[in-house]
Amino acid sequence: MDEVVISRAIVESYLKDFMEAMEVDVAIVGAGPSGLVAAYSLAREGVKVAVFERHLRVGGGMPGGGMMFNRIVVQEEGKRILDEFDVSASEYAPGDYIADSLEATSTICAKAIKAGARVFNLISVEDVMTRGDNRVSGLVLNWSATSWSRLHVDPLTVKCRVAVDATGHDAEVCRMVVKKAGAKLRTKTGDVAGEGFMWAERGESEILDNTREVYPGLVVTGMTANAVFGSPRMGAIFGGMLLSGKKAAQVARGLLGQS
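In what follows, the accompanying structure is described. (Residues numbered from 1 in each chain as written. Predicted model: local features only at pLDDT ≥ 70, side-chain atom pairs only at ≥ 80, totals over all residues. Heavy atoms only, no water.)

Some remarks on the nonpolar core
Argument step 1. Membership of the largest hydrophobic core comes to 45 residues, with the highest contact counts inside it found for Val-26, Ile-28, Leu-42, Val-49 and Leu-242.
Argument step 2. When residues in this core are grouped by element, the largest group, eight residues, is from helix α9 (residues 239-258).
Argument step 3. When near neighbours in sequence (up to four residues on either side) are disregarded, Leu-242 contacts Pro-33, Val-37, Met-62, Val-74, Gly-78, Ile-81, Leu-82 and Ile-108.
Argument step 4. Counting 33 residues, the second largest nonpolar core, distinct from the first, contains Ala-21, Val-29, Cys-174 and Val-177. (Core = buried A, V, L, I, M, F, W, Y, C linked by side-chain atoms within 4.5 Å. Buried < 20%, exposed > 50% of the residue type's maximum accessible area, 1.4 Å probe, protein only. Helix = DSSP H or I, 4+ residues; strand = E, 2+ residues; numbered from the N terminus. Contact = heavy atoms within 4.5 Å.)

See below:
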């Protein structure tokens, strides 16, 4: 095949998808487990959804498992999510299941894309857009390599009706919102509390309650949710992350119905 044909095929195909993603129902920032589960759950119901991931690979912390042992643990409710994706998991102890983190990451991502979600890697979100109602109405994007190289390159934007912060421990989108004059999150202080010390049981139990709208048009999921509300981190147990992604999709659907 001619090299120019190869290049044209790549550019035309990518730009077609990117143009389609410039106006979506839900824009998800971060392709970790919660972000991908949310994308899958929304896309399979016909919601137009795009995911923007800063890094080369998807999966967030899931591929690394625990300390680079590529295994993850889930409990009974989390295993039901893995079953939904046909990811293998075996019982290690009563109520605790072990799964291959690479199988989980690749399968969840593939099924999200096949359900209709568009996933773009190597794109960073550097700001959000709002309008007169102070509601998040879009994202400001740039190539990740631009910031890594410290280049002064202006961004592009996409519009969305709902945004989901699935950036993990750093809660990056929420912090962007807080930096704006007068912007307050729906937390006790109006700010990002920051995650607590490792406490798997408590972190798992609190993550679903923390998964909610924290600013008009902005939903938090996964470790972002725990970081925003000050709950503990959990380590390599991922059931709560998966369940949080499913709940984030439910919250986003509810917000779409209101807008």
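Quick look at the pairing of strand β2 (residues 49-53)
Argument step 1. The buried fraction of β2 amounts to five of the five residues, a majority that puts the element mostly inside the structure.
Argument step 2. Neither face of β2 is exposed, since Val-49, Val-51 and Glu-53 on one face and Ala-50 and Phe-52 on the opposite face are all buried.
Argument step 3. Here strand β1 (residues 23-29) pairs with β2 via four bridges, running parallel. What sits directly across from Val-29, in β2, is Phe-52.
Argument step 4. In terms of handedness, the path from β1 via helix α2 (residues 33-43) over to β2 forms a crossover that is right-handed.
Argument step 5. Here β2 pairs with strand β6 (residues 118-121) via four bridges, running parallel. In the strand pairing of β6, Val-51 is matched with Val-119. (Pairing = 2+ DSSP bridges. Right-handed = clockwise from strand over helix to strand, strands pointing away.)

Brief notes about the packing of aromatic side chains
Argument step 1. Going through the model one piece at a time under the given rule, you end up with six aromatic pairs.
Argument step 2. Geometrically, the ring pair formed by Tyr-14 and Phe-120 is edge-to-face, given 5.8 Å between the ring centres and 85° between the ring planes. With a gap of 106 residues between them, Tyr-14 in helix α1 (residues 3-20) and Phe-120 in strand β6 connect regions that are remote in the sequence.
Argument step 3. By relative accessible area, Tyr-14 is classed as partly exposed at 29%.
Argument step 4. Given a relative accessible area of 3%, Phe-120 falls into the buried group.
Argument step 5. Their ring planes at 50° and their centres at 4.5 Å tell us that Tyr-40 and Phe-85 sit as a pair that is tilted. Taken together, the residues span a long stretch of sequence, with Tyr-40 in helix α2 and Phe-85 in the loop between α3 (76-84) and β4 (90-93) at a distance of 45 residues. For the pair Tyr-40 and Phe-85, a shared accessibility class is recorded, and that class is buried. (Phe/Tyr/Trp six-rings, centres within 6.5 Å; stacked < 30°, edge-to-face > 60°.)

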